[in-house]
Amino acid sequence: MTIFYDEQQKSFHLQNEHISYVFCIEEDHYVAHSYWGKKINRYVQTGDYPRIDRSFSPNPHPMTDRLFSLDTLLQEFPGGGTGDFRESAFELEYEDGTTVTQFKYKNYHIRSGKPVLNGLPATYVKEDNEADTLEITLEDAHSKMEVKLSYTIFSDRPIITRSVKFLNNGQQLVKINKALSSNVDFDDSNYELIQLPGSWGRERHLKRDPLTRGVHVLDSKRGTGSHVYQPFSALVRPETTEHTGEVFGFHFIYSGEFTARIEVDPFDQTRVLMGINPEHFSWNLNPGEEFQTPEVVLVYSETGLNGMSQSLHKLYRERLTRGVHQLEERPVLVNNWEATYFDFNEEKILNLADEAKELGIELVVLDDGWFGKRNDDFTSLGDWFLNEEKLPKGLGQLADEVKAKGLKFGIWFEPEMISEDSELYRAHPDWCVHVQGRTKSLGRSQYVLDYSRKEVRENIVEQLTKVMDELPLDYVKWDYNRNMTEIGSAALNVNQKETAHRFMLGLYEVLETLTTRYPKILFESCSGGGGRYDPGMLYYMPQTWTSDNTDAISRLKIQYGTSLLFPISSMGAHVSDIPNHQVNRNTSMKLRGDVAMSGNLGYELDLTTLSDSEKAEVKKQIQFYKEHRRLIQYGDFYRLLSPFDSNEETSWMFVSEDKQEALFFYYQILSEAHAPSKRVKLVGLDPNKVYQVEGFDQPIGGDELMNSGLYLNPELVGDFESRRLLLKAVR
Ligand code: DGJ
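Residues numbered from 1 in each chain as written. Predicted model: local features only at pLDDT ≥ 70, side-chain atom pairs only at ≥ 80, totals over all residues. Heavy atoms only, no water.

Section: the pattern of salt bridges
Under the defined criterion, the tally for this structure stands at 54 salt bridges. Between R157 and E318 there is a salt bridge whose closest N-O contact spans 2.9 Å. Of this pair, R157 sits in the loop between β8 (145-154) and β9 (159-168) while E318 sits in helix α1 (residues 304-319); the two residues are 161 residues apart in sequence, bridging distant segments of the chain. The exposure class assigned to R157 is buried, which follows from its relative accessible area of 11%. Taking the shortest distance from any N to any O, the salt bridge between K619 and E358 comes out at 3.5 Å. Of this pair, K619 sits in helix α11 (residues 612-634) while E358 sits in helix α3 (residues 346-359); the two residues are 261 residues apart in sequence, bridging distant segments of the chain. Residue class for K619 comes out partly exposed when judged on its relative accessible area of 39%. Connected through shared salt-bridge partners, D84, R86, D185, D265 and R271 make up one network. (Salt bridge = Lys/Arg side-chain N within 4 Å of Asp/Glu carboxyl O. Helix = DSSP H or I, 4+ residues; strand = E, 2+ residues; numbered from the N terminus. Buried < 20%, exposed > 50% of the residue type's maximum accessible area, 1.4 Å probe, protein only.)

Okay, structure coming up:
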């Protein structure tokens, strides 16, 4: 058991060999936070809330205690309007328009295992002994509203997950205006804030800033997640590095609008809240109904950012992703998007397939443009039937011919969208997300389908299953290419602000239906590249297209940032043409290969136009990748040199679980005259093993490689160079 209740102190201690998380019941009512961090055997200071009479801090027990105030109490699930003036975790509105709720502790329940969150993506356990779950029930006596705070601690991971359920046991309709999933109050503010902001083509750039007074908001108001912020934040100590020091990470398992609010209060306490963004959210809870929030992952590391990444990579690989591909080696693919865009026909795809086969590629992906009359991006989304003009022999025939060559076959869909110029829109103009009577904004000339509506979901599932039943599909790329605007639904007549969350629940239902019905298909999610790369989507689809920016140098930052949270096996990375289509940069085939093979390797260029020497290089890359992809996709990943620290270099490496094998990459971005010698210290090896390093005469001890490092010059001369070294333990 990992959850202990101390009756005398009224304290709860969640504990495993890595972490402790402690809170207690103050004044018989309030759930007060005590500690989160490295494991403590016995925590005795619970309930030691510092009693100080603070001016202007209200007291809920006026006659008895001016020393107690919610204004300063470290809380587990704070509300507003009752004396805590910081950001709140929830807001409930009653029929008379008031929003005051006074939740008080009622009881607790401990069980082994982890309950499923119905209709929502979440981490899971396979056996009950993998985790324990504590549920704390609070009640508002006045309204009879209840809230259940759920905490799951994994037995052998430094990870706790939190979510919240609201129950209306009263007689009146309650409007939930805000329902966040977790709050942690820290008693100091000596932290730096880590986040992963970005934009299209520049996703998940690592940013680290000192934490200052005020409220810091990282969020999405775009209907779903976006390129702009990741539903993630972490507090680190100023001295924390990649490999040492404390990290407190928060990651939200949700693909809709989210908010992460980090507030430093007047007493230098820090509050970290996370959950569904209240901006476009409210929920009508009728008597007898309940509302479940999605889950937040809380991860603690005392071994720096890398420690956090490895815990998350393992959790997401083992207990978030599912299905037959979960731990399978991922195929090397060719995608025709940057090779042809919309301008393809059967011949072009088959020629691409022939060349792909020759080079060792395993999967051909037919991207956007195979359906309706889609020859540009103004038309046909929603019409998931063959573009006969483009593929007169049919998709089945094309798929069969590709498969006859010994290749796998996959196609692209964008099933949450509808073009104005489509049969679907002409038949159902009110099936898109919109506010009736208001102008609808287009994005990439398309609207978002209203997945909050059952009939819309059923229509799309029916259309997709028709295609998927008829084709011998091995892979599906699921795209989403705009942000939502004018969020509302023609079918929702009670509370329009439920639309965005209902859309997400609808999407999750569709994804569950399709991934269950087609267990053998490998699904890859995408949103203009990595616009919806989040753990919610990962629950249904084990791969994501990392970014539409395929330039190898840009990708160093994007893949480095992405690796902070996401396992390498989830990260699509393609070699593309030069000059690069997004940034016009020229780089060598070797560099492009060395960057792309640090993820799920693919190619996205016209292979038929490659020179003989380029083909030879590609063939070598693929052969090497196939030999080592288990190490890359499922090994331990270590970041060594950050592209965010300088414009000169990046380095990372992969180490097998048994530490017998490792793969090291070094990328020289800009070269310098008379450059100082370059020595990189490796990480994660066995100090007692001796490794044969490719290109070095003598085997070198793991301890030497990690403490003294590897000299890299003089070979690296020039911009955009890379070095890849395989290490094998020889004793
Ligand atoms: C955006 C994706 O990220 C691209 O890879 C491609 O599939 C296009 N959409 C197609 O429209």
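With respect to empty space enclosed by the protein
The tally for this structure, following the rule as stated, stands at 5 cavities of 30 Å³ or more. Computed from the structure, the largest cavity encloses a volume of approximately 80 Å³. What lines the largest cavity is a set of 17 residues, and nearest its centre among them are S226, Y229, Q230, G531 and Y533. The class makeup of the residues in the lining of the largest cavity is 5 nonpolar, 8 polar and 4 charged. Residues lining the lining of the largest cavity come from more than one domain, with at least three contributed by each of domain 1 (3-319) and domain 2 (333-634). If you trace the second largest cavity, you find it lined by V433, K440, S441, Y447, V448, R482, M484, T485 and E486. (1 Å grid on protein atoms, 1.4 Å probe; cavity = no way out; pocket = protein on both sides within 12 Å on 5 of 7 lines; lining within 4 Å. Points joined across faces, edges and corners; volume = space filled by probe spheres on them. Nonpolar A, V, L, I, M, F, W, Y, C, P; charged D, E, K, R; others polar. Domains from an automatic or database assignment.)

Some remarks on the sheet that holds strand β2 (residues 11-15)
With respect to topology, 4 strands assemble into an open sheet ordered β1-β2-β3-β4, the strand pairing being antiparallel. Of all strands in the sheet, those bounded by a partner on one side alone are β1 (3-6) and β4 (30-38). Averaged over all adjacent pairs, the angle separating strand axes in this sheet is 15 degrees, with direction ignored. (Pairing = 2+ DSSP bridges. Axes fitted to C-alpha atoms, helices over the stretch in contact; angles between N-to-C directions.)

Points about the environment of Y603
Among the secondary structure elements, Y603 is positioned in strand β30 (residues 600-604). Judged by its relative accessible area of 0%, Y603 falls in the buried class. Measuring from C-alpha to C-alpha, the distance between Y603 and N335 comes to 6.4 Å, with 268 residues separating the pair along the chain. What Y603 contacts, discounting residues up to four positions off in sequence, is V332, L333, V334, N335, I361, H574, V575, V618, Q621 and I622. (Contact = heavy atoms within 4.5 Å.)

Concerning the packing of aromatic side chains
Within the structure shown, the criterion is met by 49 aromatic pairs. Their ring planes at 50 degrees and their centres at 5.6 Å tell us that F281 and F291 sit as a pair that is tilted. Placement of F281 in the loop between β17 (270-276) and β18 (283-285) and of F291 in strand β19 (residues 290-292) is noted, with a sequence separation of 10 residues between them. The class of F281 is buried, set by a relative accessible area of 2%. Using a relative accessible area of 3% as the deciding quantity, one classes F291 as buried. (Phe/Tyr/Trp six-rings, centres within 6.5 Å; stacked < 30°, edge-to-face > 60°.)

With respect to the pairing of strand β38 (residues 721-729)
One ladder, built from 8 bridges, connects strand β33 (residues 661-668) with β38; its direction is antiparallel. Across the sheet, F665 pairs through a bridge with R724, a residue of β38. Of the pairings in the sheet, the one linking strand β35 (residues 690-693) to β38 comprises 3 bridges and is antiparallel in character. Bridging across to β38, Y691 finds its partner in A729.

Some details on the sheet that holds strand β32 (residues 649-655)
Read from one edge to the other, the open sheet built from 6 strands follows the order β31-β32-β33-β38-β35-β36, with strand pairing classed as antiparallel. Among the strands making up the open sheet, the edge pair consists of β31 (636-641) and β36 (700-701). One ladder, built from 2 bridges, connects β35 with β36; its direction is antiparallel. Within β36, the position partnered with Y691 by the bridge is I700. Packed on one face of the sheet, α11 meets β31, β32, β33 and β38 and runs near 95 degrees to β33.

Structural notes on the side chain of E355
Inspection of the secondary structure assignment puts E355 in helix α3. Note on E355: relative accessible area 15%, which makes it buried. Not counting residues within four places of it along the chain, the set of residues in contact with E355 comprises L607, T608 and K615.

Re the site of the ligand
Not every one of the 13 residues close to the ligand is listed here, only the nearest: D367, D368, K477, D479 and D548. Here a nitrogen atom of the ligand and a side-chain polar atom of D479 are 2.7 Å apart. Protein contact buries 97% of the 290 Å² of open area that the ligand shows by itself. Grouping the amino acids of the shell around the ligand by side-chain chemistry returns 4 nonpolar, 3 polar and 6 charged. (Near = heavy atom within 4 Å. Polar contact = N/O pair within 3.5 Å; in protein donor to acceptor, adjacent residues only side chain to side chain. Areas by Shrake-Rupley, 256 points an atom, 1.4 Å probe, with all protein chains shown as cover.)

Things to note about the nonpolar core
It is characteristic of soluble globular proteins that their nonpolar side chains tend to be buried jointly. Grouped together as the largest cluster of nonpolar side chains are 184 residues, with contacts concentrated most on F166, W370 and Y603. In this structure, W370 is in contact with F344, W384, F385, L386, N387, L391, L395, I411, W412, F413 and V467, ignoring residues within four places of it in sequence. Core analysis: the next-biggest nonpolar cluster, separate from the first, contains 22 residues, Y691, V693, L710 and L716 among them. (Core = buried A, V, L, I, M, F, W, Y, C linked by side-chain atoms within 4.5 Å.)

Re the environment of W337
Structurally, W337 is set in helix α2 (residues 337-340). Note on W337: relative accessible area 17%, which makes it buried. Between the C-alpha atom of W337 and that of G369, which follows or precedes it by 32 residues, the distance is 9.3 Å. For W337, the contacting residues outside a window of four places in its chain are F342, D367, D368, R444 and E604.

Section: the pairing of β1
As judged from the 4 bridges shared by β1 and β2, these two strands associate in the antiparallel manner. Bridging from a neighbouring strand, D6 pairs with S11 of β2.

As for the packing of helix α6 (residues 454-470) against helix α7 (residues 499-517)
Remark: α6 packs on α7, axes separated minimally by 11 Å, with the N-to-C direction vectors making an angle of 25 degrees. For the element pair α6 / α7, the angle class is roughly parallel. Between α6 and α7 lies a crossing of right-handed hand. Packed against α6, whose contacting residues are R457, V461, L464, T465 and D469, the element α7 presents G506, E509, V510, T513, L514 and R517 at the interface. Looking at the contact of α6 with α7 residue by residue, the class counts come to 4 nonpolar, 3 polar and 4 charged. (Parallel < 35°, antiparallel > 145°, perpendicular 65-115°, else oblique. Left-handed = near helix turned anticlockwise from the far one by under 90°.)

Describing α3
The end-to-end C-alpha distance of α3, which contains 14 residues, comes to 20 Å, matching closely the 20 Å that a straight helix rising 1.5 Å per residue would cover. Within α3, the full set of buried residues consists of E346, I349, L350, L352, A353, E355, A356 and L359. The secondary structure elements touched by the buried residues of α3 are β21 (333-335), β22 (363-366), α4 (395-404) and α11. Phi turns positive, to about 105 degrees, at G360, one or two residues after α3. (Expected span 1.5 Å × (residues − 1).)

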